[in-house]
Each structure stands twice: as structure tokens, then as C-alpha cells.
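Given next are the chains, with one letter for each unit.
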Amino acid sequence: MKVAQPMSMLKRLRELNVCWLLLLGCVMSAPAAILQIEDFNVDPSPGSSDWYSRDGEMDVVWDANSLLGTFEVQDTPFFQSDAFRIDSAPWIGDYSTLNPSFSQFTFDFMAMTVLPSTFIVRISNGGTTFIRNLLPQLSVSGMWIPGIQIPLSYDASWLGGDALAFDATMQAVSFIDIQVGRNGVTEQQYRLDNFALLD
């Protein structure tokens, strides 16, 4: 009986270690908190969170609880790009004071019939604009791709300046563009939903 006691004690310690590791794994993989979200369940009216077509090349409207951007059919092929743009509260300003624990934007996206030829995000403070390629996150058309990610810490995938310039941009954001480039001459439609800022 004296020999069995240490073995059962070791077994109990192993079980506790496994439980502790499982608990730690659950805590570490907890989803990020949503600091701000535009779910488009209602029409984003002017003056609150008004999204629009940056250039007028793509018609942007609120439709079926998401934003719908449409490039019309072309008679003569030529490249077009446009963006879903937001330049009003709560998406502009100094992110270090508005939402100090921010880490990334996420959103859901659907290319209705054809993938865009280009797909980037642009974040600007009016003087400096950073861009990041999002096209590798698109894989199929005709279905929602949830959770497109835009990390908001500087790395080599951000073009437009260095880490100091990126931090300065995030301290005075004046607009955010989700920019798409058409791919061919047919009508093309793109949907944007659940634009969120996460911690």
C-alpha cells in the first residue's frame, strides 16, 4: 500500500497538469473582443457611419443587410477600381485614444460572380496613406468569406512608410478604403459586411 500511494499521487499530478494545460489552451485561444462593429443591419445613414463609393466607378448601396458594390457591364474593356470608403465616426480619429487595445480590423466579403483583380485596404491620415494587399485571403466567388483580416500593427506587408509613419497614421485616421479592382467586362458585384475593430 505504501508503494501504490506515490504512484497514484504521480498519476493525480499528471492529470492535474493535463487539466491545467487544457484550461490554458482554452484561455489563450479565446476569441478577440469586438471593440466596434458595423453589421449593416440598418442602412448606414449620413452623419453616423456613412459608407460610400470613393470614386463613383462602383455603385455602392445598402442591400440585404450588407453593402453591395456594383461595376456595370463594359462595352470596351478598361481597368476600373473603386472602394467602399468610410470617413466618419466612429472609424476615424486617434485609435490610440479611441480604442487603445485595438489589434485588427476584420470583415466578411463576397465576390458574387468573379474575384476582383485587385483587393487592398487603404488607411490614411490625409497626408500619408498605407496600403495592404488582401487578395491572398480571397479564394472563391459566390459565397461569403468570413473574417478577412487586417492587422493594425506595422509589418513588411504595409506599404507607404515605416513603423513610425504607420503609428502616426493610426493616431489621425481620416479614411479607410476597402478597394476592389474589376476583373473583365461583365457586371461585377461585391458585398461587404460585419466590418469590425478587434482588440
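Everything discussed here concerns the structure shown above.
Here the structure is a predicted model, which means the values were calculated and not measured. (Residues numbered from 1 in each chain as written. Predicted model: local features only at pLDDT ≥ 70, side-chain atom pairs only at ≥ 80, totals over all residues. Heavy atoms only, no water.)

1. Structural notes on the overall build of the chain
Right, so step 1: Along its length, the chain carries three helices and 11 strands.
Right, so step 2: Helices (α) and strands (β) of the chain occur, in sequence order from the N terminus, as α-β-β-β-β-β-α-β-β-β-β-α-β-β.
Right, so step 3: Out of the 199 residues belonging to the chain, those deemed buried represent 37%.
Right, so step 4: The contacts in the chain between residues at least 6 apart in sequence include a share of 77% that link residues at least 24 apart.
Right, so step 5: If you sum the accessible surface of the chain, you get close to 10900 Å²; carbon and sulfur atoms cover 60% of it. (Helix = DSSP H or I, 4+ residues; strand = E, 2+ residues; numbered from the N terminus. Buried < 20%, exposed > 50% of the residue type's maximum accessible area, 1.4 Å probe, protein only. Contact = heavy atoms within 4.5 Å. Areas by Shrake-Rupley, 256 points an atom, 1.4 Å probe, with all protein chains shown as cover.)

2. Here we look at the packing of aromatic side chains
Right, so step 1: Here the structure, examined in full by the defined rule, presents 17 aromatic pairs.
Right, so step 2: Both rings, one in F109 and one in Y190, keep their centres 5.9 Å apart while their planes meet at 15 degrees; by these two values the pair is stacked. You can see F109 sitting in strand β6 (residues 104-111) and its partner Y190 sitting in strand β11 (residues 188-198), a full 81 residues away along the chain.
Right, so step 3: Residue classification places F109 among the buried residues on the basis of a relative accessible area of 0%.
Right, so step 4: Seen from the ring of F175, R85 lies directly overhead, with NZ or CZ sitting 3.7 Å from the centre. (Phe/Tyr/Trp six-rings, centres within 6.5 Å; stacked < 30°, edge-to-face > 60°. Lys NZ or Arg CZ within 6 Å of the ring centre and 35° of its normal.)

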